[in-house]
Amino acid sequence: MTTHPDRRHDGGTEEAGRRPGRRALLAGMTGAGALAGGIALGARSASAAPAAVTAGPADYVVDVIAKGADATGRTPSDDAFRSAALELLGGAPKTGYSPKKVLLVPPGTYLLTRPDSLLPITHGTENPGVIDGISISGYGKRLSRVVYAPTTPNTVLWTNDDRYKNIRFSGLTFESRDATATFNLALSSKAKGVQDTWYTDVEWHGTWKAGIVLDGPAGTSNLNSEMGWDHCQISGSYADAFLVMGGKPAEGQQDQFLNYWFRDCKVEFQSGIFVRNERGGSMNFIGGSYVLVDEKSTGTFFKLNANSPRNDSVMRLYAQGIRFEVRGSDHKVIDSAWYKGTVTFVSCDDTANSFKSFASGATPHVYRFNAVNPSRGPMIRYQDCALLGYHHVTTATATTAGKVLYDGCRFADMTTAATALRWTGPAPWYEFRDCLGEGVRIPDVKGP
């Protein structure tokens, strides 16, 4: 055994015994095998070592199997998950509490039948402060699977009511067997919020009403929530949408949904809406493959509504390097009613089915400038994109703000600017620069 300058042995234990070694920490994070087998702690015996040195995986991990979960999925594991979550949260909701453990879901299938079994619902109005820092980890998509089959309709697997911040989900599949079920209801306010929830290597599958619904207390504005999805997969079907921003569209006070990142995700769902945005916000979609699987269904990736009176906040959508696949004439990449802000597509391609008969009559990109403020629209830019069918803008009066710009784009099914961009009502402000049609160059043009 060698000793390094920082007084750690190769076994990963600091000689002074003030903290667990690197290997102890890693073992604590890596699963049921480590929990069963324990950990090597260097040359000294456990009886001779200080208490901090003998810390094992159980000091850092709460395992749902150890709490009685059935990894075969034959019997419900609600009680086991609730017991594990209670230990994770220190026994009871607390003000300003930071969990000291990771909730571990070993390989297997776990059946949950009651709402809020994943994390207990606690209300920020009843419990001042937040619970800061939660990590729920599995061993990877399809390896650690949580099946939600509630016995009553219209329930939520877990609710964050202004209570949890800095949440990490990783290596898990969530499957719903109830078309009225919602994965998460996140209620946020300016004072507390549900900021910084991040999903990594997580999959949603099955039939859902909605995936994640963001909302807030009545009369509350500035609903920061900040969420990210990294290498996730959104499958299944959604009666509403996977991500809903503004669950109560009639609540005029709510605005400012910030900020959201989807990075290198596979969005391949049967039907429904991927993102339904009722209140504006800042959204980033980088890389990945987005496919509407069922060609006979209706479906939309980005549904952007604008509800007056209080929605004059950030309206920003940025999509880069995404391959979209629309398989039917009723499929939409974007359907927008925004009257301000920016919509940007950079190096995106939705032409996979441009050779099919429906393509020339398809309108996968729709902008409704007349929906809220009839003389305004967002600044819309397509840069280096390959595009199927034609785009459509609806106007009510002459557009004094807002523009549609195509820069270096290729239209797979059109040969002129007049056929690539069409409108109902007065002509919108538009421009084509260095674009190609089907085998021809489209002359640069500005209008009106």
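Residues numbered from 1 in each chain as written. Predicted model: local features only at pLDDT ≥ 70, side-chain atom pairs only at ≥ 80, totals over all residues. Heavy atoms only, no water.

What about the overall build of the chain?
Scanning the chain from terminus to terminus reveals four helices and 33 strands. Here the chain holds 448 residues, and 55% of them are scored as buried. For the chain, the computed accessible surface area is about 17,500 Å², with 51% contributed by carbon and sulfur atoms. (Helix = DSSP H or I, 4+ residues; strand = E, 2+ residues; numbered from the N terminus. Buried < 20%, exposed > 50% of the residue type's maximum accessible area, 1.4 Å probe, protein only. Areas by Shrake-Rupley, 256 points an atom, 1.4 Å probe, with all protein chains shown as cover.)

Points about the pairing of strand E4 (residues 131-137)
With five of seven residues buried, E4 is to be regarded as a mostly interior element. Here two bridges tie strand E2 (residues 102-104) to E4, and the two strands are oriented parallel to one another. Bridge pairing links Leu103 to Ile136 in E4. As defined by bridge partners, E4 adjoins strand E7 (residues 164-177) across six bridges and the pair is classed as parallel. The residue of E7 that forms the bridge with Ser135 is Arg168. (Pairing = 2+ DSSP bridges.)

Digging into the sheet that holds strand E8 (residues 182-187)
Spatial ordering of the open sheet is given by E6-E8-E10-E14-E16-E18-E21-E23-E26-E29, a layout of ten strands whose pairing is parallel. The open sheet has two edge strands with one neighbour each: strand E6 (156-161) and strand E29 (421-424). Each strand of the sheet is rotated relative to its neighbour by a mean of 10 degrees, with strand direction disregarded. As paired elements, strand E16 (residues 272-277) and strand E18 (residues 299-304) share five bridges and run parallel to each other. The residue of E18 that forms the bridge with Ile273 is Thr300. (Axes fitted to C-alpha atoms, helices over the stretch in contact; angles between N-to-C directions.)

Things to note about the confidence of the model for the chain
Mean pLDDT over the chain: 85, with 83% of residues reaching 70 or higher. Segment residues 1-52: pLDDT under 50, and 72 contacts once partners within four positions in sequence are set aside and those in other chains are kept. (pLDDT = per-residue confidence, 0-100. Contact = heavy atoms within 4.5 Å.)

Notes on the side chain of His365
Structurally, His365 is set in strand E23 (residues 365-368). In this structure His365 comes out as buried when scored by relative accessible area, which is 2%. Among the polar contacts made by the side chain of His365, one reaches the side chain of Tyr382 at a distance of 2.8 Å. His365 has contacts with Val333, Ile334, Phe345, Asp350, Tyr382, Leu387, Tyr390, His391 and His392, leaving out every residue within four places of it along the chain. (Polar contact = N/O pair within 3.5 Å; in protein donor to acceptor, adjacent residues only side chain to side chain.)

Examining the nonpolar core
Of all hydrophobic cores here, the largest spans 100 residues; its most connected members are Trp204, Trp229, Phe274, Phe302 and Phe345. What Phe345 contacts, discounting residues up to four positions off in sequence, is Phe302, Leu317, Ala319, Phe324, Val333, Ile334, His365, Tyr367, Arg381, Tyr382, Gln383 and Cys385. Judged by nonpolar contacts, the second largest core, of five residues, contains Ala210, Val213, Ala241 and Ile273. (Core = buried A, V, L, I, M, F, W, Y, C linked by side-chain atoms within 4.5 Å.)

Re the packing of aromatic side chains
One pass over the full model with this rule turns up 38 aromatic pairs. Ring geometry for Tyr199 against Trp204: centres 5.2 Å apart, planes inclined by 70 degrees, an arrangement best described as edge-to-face. When its relative accessible area of 1% is taken as the criterion, Trp204 is described as buried. An angle of 20 degrees between the planes, with centres 6.2 Å apart, marks the rings of Phe242 and Phe274 as stacked. With Phe242 in strand E14 (residues 241-245) and Phe274 in strand E16, this residue pair connects regions lying 32 residues apart in the sequence. Each member of the pair Phe242 and Phe274 is classed as buried. Directly above the aromatic system of Tyr390 lies the positively charged group of Arg422, at a separation of 3.8 Å from the ring centroid. (Phe/Tyr/Trp six-rings, centres within 6.5 Å; stacked < 30°, edge-to-face > 60°. Lys NZ or Arg CZ within 6 Å of the ring centre and 35° of its normal.)

Re unusual backbone geometry
Cis geometry is adopted by the peptide bond preceding Pro448, which originates at Gly447 and carries an omega value of -5 degrees. Tracing the chain through its elements places Pro448 in the segment after strand E33 (445-447). Positive phi values are uncommon outside glycine, yet Asn154 reaches one of about 60 degrees. As for its placement among the helices and strands, Asn154 is situated in the loop between strand E5 (144-148) and E6. Residue classification places Asn154 among the exposed residues on the basis of a relative accessible area of 52%. The phi torsion at Asp162 lies on the positive side, around 55 degrees, for a residue other than glycine. Residue position: Asp162 is located in the loop between E6 and E7. Judged by its relative accessible area of 8%, Asp162 falls in the buried class.

Some points on the environment of Arg177
Tracing the backbone through its elements, the reader meets Arg177 in strand E7. Placed 28 residues apart in sequence, Arg177 and His205 show a C-alpha to C-alpha distance of 9.1 Å. In this view, Arg177 contacts Val147, Tyr148, Ala149 and Thr207; residues no more than four positions away in its chain are not counted.

Some thoughts on the pattern of salt bridges
Applying the stated criterion across every chain yields a total of 17 salt bridges. Linking Arg276 and Asp240 is a salt bridge whose minimum nitrogen-to-oxygen distance equals 2.8 Å. Linking Arg276 in strand E16 with Asp240 in the loop between strand E13 (237-238) and E14, this pair joins segments that are 36 residues apart in sequence. Its salt-bridge partner being Arg433, residue Asp407 comes within 3.0 Å of it at the nearest N-O pair. Of this pair, Asp407 sits in strand E27 (residues 401-407) while Arg433 sits in strand E30 (residues 430-433), and the two are 26 residues apart along the sequence. A relative accessible area of 17% means that Asp407 is categorised as buried. (Salt bridge = Lys/Arg side-chain N within 4 Å of Asp/Glu carboxyl O.)

What about the pairing of strand E26 (residues 391-394)?
Neither face of E26 is left uncovered, since the one carrying His391 and Val393 and the one carrying His392 and Thr394 both have all their residues buried. Pairing between E23 and E26: four bridges, direction parallel. Across the sheet, the residue bridging to His365 is His391, located in E26.

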